[in-house]
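Observations on the three-dimensional arrangement
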Amino acid sequence: GQSLEQPSEVTAVEGAIVQINCTYQTSGFYGLSWYQQHDGGAPTFLSYNGLDGLEETGRFSSFLSRSDSYGYLLLQELQMKDSASYFCAVRGDNYGQNFVFGPGTRLSVLP
Amino acid sequence: SQTIHQWPATLVQPVGSPLSLECTVEGTSNPNLYWYRQAAGRGLQLLFYSVGIGQISSEVPQNLSASRPQDRQFILSSKKLLLSDSGFYLCAWSVSGNSNEQFFGPGTRLTVL
């Protein structure tokens, strides 16, 4: 089976930097993805890491360490609009055709 | 460009009634299709996925079923709804093969009373 763990909540102030961690257990690994979901909305794709290291996309960066089964999403220069839930996800054991999502981390950005 | 449609946006149904939620994708061919359910404040639970017409894989045993009658159409059904079926239902698609990105529809918020 597969499982992912994330902190349930994170709070930070505008302009700050926040890191959301994700640990995973999976027998077959095809990379780690991150999604953002605002209240009442649909998840949207943020980033993907297939290899170890840091991927940067604007204010957001994502890191992966396959040896530690660990990754994180780094959000810089936080803005109020970044308040949302963030999910890490891996592709599943069935030849990677299915996806398994973590429980999500709710980020609250305070003024 | 690709778009994904889901309807209805909201639905209130009595216990024991049937359900049919539809999802269609435009602008792509042979997508992988997915149905998820999300309880309030929780993560996404994969219910079904399909890699082709008529091919359905079920992740969680339940009173729901899925069908894919056409390449870009995915339907979620139930013969008799339970209270526990309430939730936010999301359809998603990805490029077939080794894609790591999913594209989600706007979702259907189902309340079973």
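Quick look at the structure, then. (Residues numbered from 1 in each chain as written. Chains lettered and ligands numbered in written order. Predicted model: local features only at pLDDT ≥ 70, side-chain atom pairs only at ≥ 80, totals over all residues. Heavy atoms only, no water.)

All names here are of chain A. Across all of its chains, the model carries five salt bridges over all chains by this definition. Here Arg-66 makes a salt bridge to Asp-52, at a shortest N to O gap of 3.0 Å. Of the two residues, Arg-66 is situated in the loop between β7 (60–65) and β8 (70–75) and Asp-52 in the loop between β5 (44–49) and β6 (53–57); the sequence distance between them amounts to 14 residues. Residue Arg-66 is classed as partly exposed on the basis of its relative accessible area of 39%. Here Arg-59 ties to Asp-82 by a salt bridge, and the two come within 2.8 Å at their closest N and O atoms. Of the two residues, Arg-59 is situated in the loop between β6 and β7 and Asp-82 in the loop between β8 and β9 (84–91); the sequence distance between them amounts to 23 residues. (Salt bridge = Lys/Arg side-chain N within 4 Å of Asp/Glu carboxyl O. Helix = DSSP H or I, 4+ residues; strand = E, 2+ residues; numbered from the N terminus. Buried < 20%, exposed > 50% of the residue type's maximum accessible area, 1.4 Å probe, protein only.)

For Gln-38 of chain B, the position within the fold is in strand β4 (residues 32–38). Of the polar contacts made by the side chain of Gln-38 of chain B, one reaches the side chain of Gln-37 of chain A; its length is 2.9 Å. Side-chain polar atoms of Gln-38 of chain B contact the backbone oxygen of Arg-42 of chain B, separated by 2.8 Å. When neighbours within four sequence positions are excluded, Gln-38 of chain B is seen to be in contact with Gln-37 and Phe-87 of chain A together with Gly-43, Leu-44, Gly-87, Phe-88 and Leu-90 of chain B. (Polar contact = N/O pair within 3.5 Å; in protein donor to acceptor, adjacent residues only side chain to side chain. Contact = heavy atoms within 4.5 Å.)

Attention shifts here to the state of the cysteines. Covalent bonding between the sulfur atoms of two cysteines defines a disulfide. Inspection of every chain in the model, using the stated rule, returns two disulfides over all chains. Note on cysteine connectivity: Cys-22 of chain A is disulfide-linked to Cys-88 of chain A, with sulfurs 2.1 Å apart. Its S-S torsion of about 80° marks the bond between Cys-22 of chain A and Cys-88 of chain A as right-handed, since a negative value means left-handed. Note that Cys-22 of chain A is positioned in strand β3 (residues 18–25) and Cys-88 of chain A in strand β9, a separation of 66 residues in sequence. Cys-88 of chain A shares its class with Cys-22 of chain A; the two are buried. Two residues, Cys-23 of chain B and Cys-91 of chain B, share a disulfide whose sulfurs are 2.0 Å apart. With the S-S dihedral at roughly -75°, the linkage between Cys-23 of chain B and Cys-91 of chain B falls on the left-handed side. Placement of the pair is Cys-23 of chain B in strand β3 (residues 19–26) and Cys-91 of chain B in strand β9 (residues 87–94), with a sequence separation of 68 residues. On the accessibility criterion, Cys-23 of chain B (1% relative accessible area) is buried. Relative accessible area serves as the criterion here: at 0%, Cys-91 of chain B is assigned to the buried category. (Disulfide = S-S within 2.5 Å.)

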